[in-house]
Structures are given as C-alpha cells and as structure tokens.
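Structural description and commentary
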Amino acid sequence: MTRSHDPNGPATIPTARRRPKADVLELGGRKLKPATLMMGHGFDPALSEGALKPPIFLTSTFVFESAAAGKRFFEHITGKREGPAEGLVYSRFNGPDQEILEDRLSLWEEVEDALTFSSGMSAIATTLLALVQPGDVIIHSSPLYAATETLIGRILGRFGVQWVDFPAGASRQEIDAAFERAKALGRIGCVYLESPANPTNQLVDIAAVADARDAFHPDPASRPPVIIDNTFLGPLWQKPLKHGADLVVYSLTKYAGGHSDLVAGGVLGSRAMLAPVRSMRNTIGTITDPHTAWMLLRSLETLELRMTRAGESAAKVCTWLKDHPGVERIGYLGFLDPESRQADIYRRHCTGAGSTFSLYLKGGEAEAFRFLDSLKIVKLAVSLGGTETLASHPAAMTHLSVPDERKRQLDISDNLVRISIGVEDADDLIADFDQALAAV
Ligand SMILES: *Cc1c(COP(=O)(O)O)cnc(C)c1O
C-alpha cells in the first residue's frame, strides 16, 4: 500500500508535506472505475515537487527521520508489526513506483493487495517457493506455460515436491480424481491453474476446482490456496477471485505492459494470503525495478482502451478467417459450441474472448511456414498482448521440446499458428492475412 493513503503521512517526508491529499475513490456515491483511477490513484503530486506524473525513484535505500522510525519500519518488514509498512526501507523490499503500481493493479482485480516482480516467472517462482514445502503435492491444470511446467516438475521436484495434473477442460469428477490421487501422495501444497491454457485456449472451471478444494479440505484453516495464471484474459475479461481462486498471477509482460517493451510479473490477492509471498520476495529480491514499474504505470492508463480494441479486432479477424478456404478451423473463445462444457465455463467466468487464438491452416508445417513468411504487417514473434499483432508456430517454437505424443494430446499440430491481435486497423490486418493465405 502507498503511504499516501495514510492520513498521518510518511514519517520520512518533511513535516510541511506530511498530509497528502486523499484519493477520490467515489463521487456522489458512485464507485469510480479503474480506467479513471489509473491516471492518479496512489500518487500525490505534493510529495514530488508538484510533478503531475510520479518520478522514477532511482535509489537503493531510504533515509529514516529517526532511529525509532527505522526500527518501526523494520518491524513491518520482518512481520513483528501488523499492517502495511509505514515507510520505505530498502529497494529490494519496495519503492514508491512499485507501490503506486501495486495499488493501481489491485483496483483492476478489486482486491486488497498486489505484489509486482521482475518477470512473470519470478512472480510464479516466488509464490510457489513461499507456499510449498518439501513432500507437498501440487495439483495443476494441463497444459501450463512451458517454464511453469519446468519449474514445478524439474526444479521444485529436486526439493521433493510432487505433482498431479488434470486437463484444462476437466469436469468436476476428473478434478475430484486428481485430488484423490494427490491426497494419496502427501499434503496438497497448492492448486495451480492456467486458464485459458496456452496454446489450446481450453478454459478451466475455476468454480468447480474451488468447490473440489473445499470439499476435500472442510477446515478453512488448512485449505491449500487456489492460484491461477490469468495472463491471457486478465484483468479485463476474467476475474478469477470472484469464482473461488485465492491468488491471481500475471505475466505483466503481456497485456498489462502491452507494448512488448518490458518484462514483469504480478501476484494479487488478500493481504493475509500475500504475506508469505511478500516475505519471500523481500528475502530473494524478485521485485520489479523502478523504471519498469513506471513504464507499467503508463501502460495501465491505456489498458482498457488497448484490450478493448484488440478484442474487437480479434472478433472481426476471426469472423473473416473462419470461412476462408485455406483455414481448417480456428480456436477462438468467441466461437465455442454453445452446448459444450467450454461454453458453459465461458459464460460463467469470462466477459470477453480475448485477442489471442489458434489458427489451424489446411496442410502442414510447409503451409504454416509459407503463411508466416508471407505476412507483411503481422510480425513473426512469440509473446502476446502487445500493440502489434504477432504470429508464431508453437510446434516449432514455444513447444518444440514437447514430446510428439504429448503434442498430439494437446492438439499442437504442424498446421497450427498462434496469433495475438494488436491495436492496428482490423481491415489492414485482414488484408495481410488475405495475401498471406493466397501465397500458401
Ligand atoms: C509469458 C507467460 C508467462 C511468463 O511470463 P514472463 O513475464 O515471460 O516471465 C507465464 N504465463 C503465461 C500464461 C505467459 O503467457
């Protein structure tokens, strides 16, 4: 939390400037929307020479007004004193830019607290290191982002952590079966989800997972947390905390950063749930740096604009691609069979189909490569959620190391192209796809 919320102000700021202006969070009984609050929330210009925008605070350490104040701040850092820290101590723990960013991110998810990290993977690694013990079992949905699978299977595995998985589209019965298998192996450390899954776009029934967790752990005090990677649809189109998840993790590199010019991560949840994660971050130093935090503040001002435009353009592009003779089928959340379980999950959990989808071309690798090599506006690169449209070939790139049998199970075929739509003019994108398909 930013100290500007504290009516007494930070003890490290000269007395004359100790009372920052309170944030306006509602007007006439109406709660203000995050899109409005992104321009000012958590920052008082009076604390920074009247600067409209927060400066980038490049400092490794912070000066205490008195020894007693320093002691009090450390009591917060070490957990000896309850509540949000009253003052800043050292930049491995926190800084003004990161705190403002964390406050603003919390608004999007309508949640108490947020922590930001040097990458999506450092957010995930710090969270799992904080919550999982040797001998624990992690239950996870499949597939996961490749580096997350490596982290759980190969790295935490070295410390005696085991895992059990269920497919992303699983029914309650299949989820229960995963809990049964996990229980037989040891204590369940956490339940880790990713929805929609990359690259299949399969949605996980978060509510069913949370219900299963509660049924297997009737005592709320000993419930393993449900953690979900919400990178593909969050924070605009899916709010997992409302469906029973406890912690949401993000690669802020994608839609939140949104310009393909930074790498960062985030974890959001209740203050109590985040406390051990914060403590782990303080210890190992996986916090985002002030410059990246500042760039993310700028990105969040246009988050809704960018995501809305990308979502609308993706709908137009997919509608055009769907009927093209060169296209076999398309994996886009806007085109789910209304009778399917996936459509049921979509209706309950999602408010938009996103802008990242799978395109299955007629043919194989040669046709997919010709298509990719013929694109003139769309860039050939992995990643997603940026202002520019990107296309890649999962089987030959992000999922190259996945064994063939597993690729077949996951529908990662040689004719699959992954596309993330940006904010360009939709008709220009369609013209590019049109000429690239003609070249195939
Ligand atoms: C990119 C990504 C990550 C990893 O994030 P980095 O910022 O690259 O560390 C994790 N999960 C998903 C779903 C991603 O797309």
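Identification of the protein chain as Methionine gamma-lyase from Tardibacter chloracetimidivorans is taken from an unreviewed UniProt entry. Looking at the Cofactor (unreviewed entry) heading of the UniProt record, one finds this comment for the protein chain: "pyridoxal 5'-phosphate". The annotation that UniProt attaches to the protein chain under Sequence similarities (unreviewed entry) is "Belongs to the trans-sulfuration enzymes family."

**Focus on the sheet that holds strand β5 (residues 162-167)**
Reading across the sheet, the seven strands line up as β3-β9-β8-β7-β6-β4-β5 and stay open at both edges, with mixed pairing between neighbours. Of all strands in the sheet, those with a lone pairing partner are β3 (113-117) and β5, marking the two edges. Taken over all neighbouring pairs, the strand axes of this sheet differ in orientation by 20 degrees on average, direction set aside. Sheet topology places β3 next to strand β9 (residues 265-269); five bridges connect them, and they run antiparallel. The residue of β9 that forms the bridge with D113 is G269. Contacts between helix α4 (residues 120-131) and the sheet are confined to β3, β6 (188-194), β7 (226-229), β8 (247-251) and β9, with β8 contributing the most and set at about 150 degrees to the helix.

**A closer look at the nonpolar core**
By size, the foremost hydrophobic cluster in this structure holds 81 residues, and its most contacted members are F357, L359, F371 and F433. When residues of this core are assigned to their parent elements, the largest contribution, six residues, is made by helix α10 (residues 303-322). Viewed by domain, this core spans two of them, domain 1 (91-299) and domain 2 (323-438), each represented by three or more residues. With residues near it in sequence (within four places) discarded, F433 still touches V317, W320, L321, F371, L375, V378, T389, I419 and I421. Judged by nonpolar contacts, the second largest core, of 22 residues, contains A123, V132, C190 and V267.

About the criteria used
Residues numbered from 1 in each chain as written. Predicted model: local features only at pLDDT ≥ 70, side-chain atom pairs only at ≥ 80, totals over all residues. Heavy atoms only, no water. UniProt positions renumbered as here; feature names shortened; annotations may be inferred. Pairing = 2+ DSSP bridges. Helix = DSSP H or I, 4+ residues; strand = E, 2+ residues; numbered from the N terminus. Axes fitted to C-alpha atoms, helices over the stretch in contact; angles between N-to-C directions. Contact = heavy atoms within 4.5 Å. Core = buried A, V, L, I, M, F, W, Y, C linked by side-chain atoms within 4.5 Å. Buried < 20%, exposed > 50% of the residue type's maximum accessible area, 1.4 Å probe, protein only. Domains from an automatic or database assignment.

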